[in-house]
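Structure at a glance
Read off the chains here:
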Amino acid sequence: MIINYLVQPGGRFSGEITVPGDKSISHRSVIFGALCDGVTEVSGLLQGMDVLATIHAFREMGVFIDGPDGGHLVIHGNGLRGLSAPHGSLDLGNSGTSMRLLTGLLSAQQFDSTLVGDESLSKRPMMRVIKPLSAMGATINASANGTPPVQISGGSQISSQAFKLEIASAQVKSALLLAGLYADSPISVTEPVKTRDHTERMLADMGCEIETADLTIRLHPPSMLQAKAINVPADISSAAFFMVGASIARDSKLLIKNVGINPTRTGVIEILQLMGANINLLNPRQSTGEPVADIEVCSGDLQGIQIPESLVASAIDEFPVLMIAAACAKGQTVVTGARELRVKESDRIASMVTGLKVLGIDAKELEDGMIVEGGQIQGGEVESYDDHRISMAFAMAGLASQAPIKINDCRNVATSFPGFDQLAVQAGLNLEVV
Ligand code: S3P
């Protein structure tokens, strides 16, 4: 079935909302819960298609998992060495995180495995994990252009390495740490800039010896991981759509509850504040090793800015909606140092610039970013390019547009944000699914 969004112009955001659980932490709960000794109870899990793909993969490898039901999941861990060979290939759908992290984990198992994905995932680069894992002793093959299917031969001995990563990628870092759980001695990974550290936090919580000094993480292969209850906070990447929506819609005041504010993820807040947004973090607290807060956002007069490159990694998934904020700001917004946007679920530089132009905004692609001139958003018909975050970003544009906006093919919103349309309507967006 084809799902399109039709958004009528105007509206304002008000009230209190809770967005679904964090995608990155949800994936890791399933993966590490499966590798633990004991039972892991998860609450607040994201029941999006991507996380369901990870759950399905572990069931295929013999892990007993109850749920998910209302964000509650119970994982009966098989221990670090208790996974069994899947019968067929593991289909990871649209999920790059599942594919990269599982490539790391499976490269250290005793059995062979094959990972496949949908059309979009089948175009995404895998050599970034295959190369360093091969250097650790893994045997992995991908298609000639380095994309899925990924075939992993079991029985390799993983040997320790000190890696210096060239690209800022939490998925690559996590894949290496997952393989490192099985290494013959401690491994170290040095990042070019700090990326989301949920893997490190969760492993430490489960009793693994893992130290971070500046940009280097050193992991000592553990003999076991101890199951712990996990409370997944709401996803700041999903909250971001509503932060921008409340900033650009007149007379808005919105409270987004219980959002993860891990400092490796808060670039979107810092960038919006630099643009002049009214955002306050209320009631900051800790929840199973991760900082959370309620986020209050009121309408603001946004200014265009040069986005500091130092904030790019911590806002990497939020650029589609940040470019909607830029379109509503006074003056020019420039993004550079963000080449990674070209290899996400779509080429997000091309997807956003093309759509913004359709809506009458002056936007230009740079090789590693884009330039957006703030102006009046018109109406029109834009493409999502099958990318969940492009669909949701253009939906928010309706709050400041002069005429209706139609967004084509929004099916993939379900990968990260099930119930987005109802929640957006509840907050005040004039959105209709057609
Ligand atoms: C993720 C890391 C990021 C991010 C993705 C989730 C993770 O990808 O874009 O949505 O959970 O580790 P990269 O590692 O490719 O930057």
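Here is a short report on the structure shown in this document. (Residues numbered from 1 in each chain as written. Predicted model: local features only at pLDDT ≥ 70, side-chain atom pairs only at ≥ 80, totals over all residues. Heavy atoms only, no water.)

1. Some remarks on the packing of aromatic side chains
All chains considered together, the criterion is met by six aromatic pairs. Judged by centre distance (6.4 Å) and plane angle (70 degrees), the ring pair of F241 and F420 falls under edge-to-face. Of this pair, F241 sits in helix α7 (residues 236–248) while F420 sits in helix α12 (residues 420–427); the two residues are 179 residues apart in sequence, bridging distant segments of the chain. F241 sits in the buried class, given a relative accessible area of 2%. Taking the relative accessible area as the measure of exposure, F420 reaches 0% and is therefore buried. A centroid spacing of 5.3 Å and a plane angle of 70 degrees characterise the contact between F417 and F420, whose relative ring orientation is edge-to-face. Three or more aromatic residues joined by ring pairs form one cluster here, namely Y5, F13, F241, F242, F417 and F420. (Phe/Tyr/Trp six-rings, centres within 6.5 Å; stacked < 30°, edge-to-face > 60°. Helix = DSSP H or I, 4+ residues; strand = E, 2+ residues; numbered from the N terminus. Buried < 20%, exposed > 50% of the residue type's maximum accessible area, 1.4 Å probe, protein only.)

2. Considering empty space enclosed by the protein
Applying the stated rule across the entire model yields two cavities of 30 Å³ or more. What the largest cavity holds in volume is close to 120 Å³. Taken together, 15 residues line the largest cavity, and the ones lying closest to its centre are M202, D205, I230, T288 and E290. Put simply, the parts of the chain that give the lining of the largest cavity at least two residues each are α6 (198–205) and β14 (230–231). Examining the composition of the lining of the largest cavity, we find that four residues originate from one element, α6, more than from any other. Broken down by class, the residue content of the lining of the largest cavity amounts to six nonpolar, five polar and four charged. For the lining of the largest cavity, the domains that each give at least three residues are domain 1 (5–21 + 233–433) and domain 2 (23–231). Of the residues assigned to the lining of the second largest cavity, the class counts are three nonpolar, three polar and three charged. (1 Å grid on protein atoms, 1.4 Å probe; cavity = no way out; pocket = protein on both sides within 12 Å on 5 of 7 lines; lining within 4 Å. Points joined across faces, edges and corners; volume = space filled by probe spheres on them. Nonpolar A, V, L, I, M, F, W, Y, C, P; charged D, E, K, R; others polar. Domains from an automatic or database assignment.)

3. Quick word on the nonpolar core
Inside soluble globular proteins, nonpolar side chains tend to come together where they are buried. By size, the foremost hydrophobic cluster in this structure holds 79 residues, and its most contacted members are F242, M243, I256, L272, F319, M323 and F420. Residue contacts for L272: discarding those within four places in its chain leaves M243, V244, A277, I279, L322 and A325. Ranked by size, the runner-up nonpolar core spans 66 residues in total, among them I65, I75, I140 and L225. (Core = buried A, V, L, I, M, F, W, Y, C linked by side-chain atoms within 4.5 Å. Contact = heavy atoms within 4.5 Å.)

4. A look at helix α5 (residues 170–180)
Structural remark: α-helix, 3.6 residues per turn; residues separated by three or four positions point the same way. With 11 of 11 residues buried, α5 is to be regarded as a mostly interior element. Residues A170, Q171, V172, K173, S174, A175, L176, L177, L178, A179 and G180 constitute the buried set of α5. Structurally, the start of α5 carries an N-cap: the backbone nitrogen of Q171 is 3.3 Å from a side-chain oxygen of S169. (Polar contact = N/O pair within 3.5 Å; in protein donor to acceptor, adjacent residues only side chain to side chain.)

5. Some remarks on the site of the ligand
Taken together, K23, S24, R28, T97, S169, A170, Q171, R196, I316, D317 and K344 make up all the residues around the ligand. S24 places a side-chain nitrogen or oxygen 2.7 Å from an oxygen atom of the ligand. Out of a free accessible area of 390 Å², the ligand has 95% covered by protein chains. Mapping the ligand onto the cavity grids shows that it belongs to the largest pocket. Elements supplying a minimum of two residues to the shell around the ligand: α1 (23–35) and α5. For the shell around the ligand, the leading source of residues is α1, giving three residues. Each residue belonging to the shell around the ligand can be placed in one class, and the counts come to two nonpolar, four polar and five charged. (Near = heavy atom within 4 Å. Areas by Shrake-Rupley, 256 points an atom, 1.4 Å probe, with all protein chains shown as cover. Sits in = over half its atoms within 2 Å of the grid points.)

6. Structural notes on the layout of surface pockets
The gaps left among the atoms become clear once a water-sized probe is rolled over them. Roughly 720 Å³ of internal volume is contained in the largest pocket. Every residue lining the largest pocket is counted, 41 residues in all, and those nearest its centre are A168, S169, I316, E340 and K344. For the lining of the largest pocket, the secondary structure elements donating two or more residues are α1, α3 (96–106) and α5. By residue class, the composition of the lining of the largest pocket is 11 nonpolar, 12 polar and 18 charged. Of the volumes computed, that of the second largest pocket is approximately 440 Å³. What lines the second largest pocket is a set of 18 residues, among which I248, R250, G300, C328 and A400 lie closest to the centre. Tallied by class, residues from the lining of the second largest pocket come to seven nonpolar, eight polar and three charged.

7. Looking at the state of the cysteines
By the definition in use, this model includes zero disulfides. No disulfide involves C298; its sulfur sits 17 Å from the nearest other cysteine sulfur, which is in C328. (Disulfide = S-S within 2.5 Å.)

8. Considering the side chain of T264
Its location among the elements puts T264 in the loop between β15 (253–260) and α8 (267–274). In terms of polar contacts, T264 uses its side chain to reach the backbone amide nitrogen of D197, at 3.4 Å. Of note is the side chain of T264, whose polar atom sits 2.6 Å from the side chain of N262. Beyond its immediate stretch of four places on either side in the chain, T264 contacts K194, T195, R196, D197 and S314.

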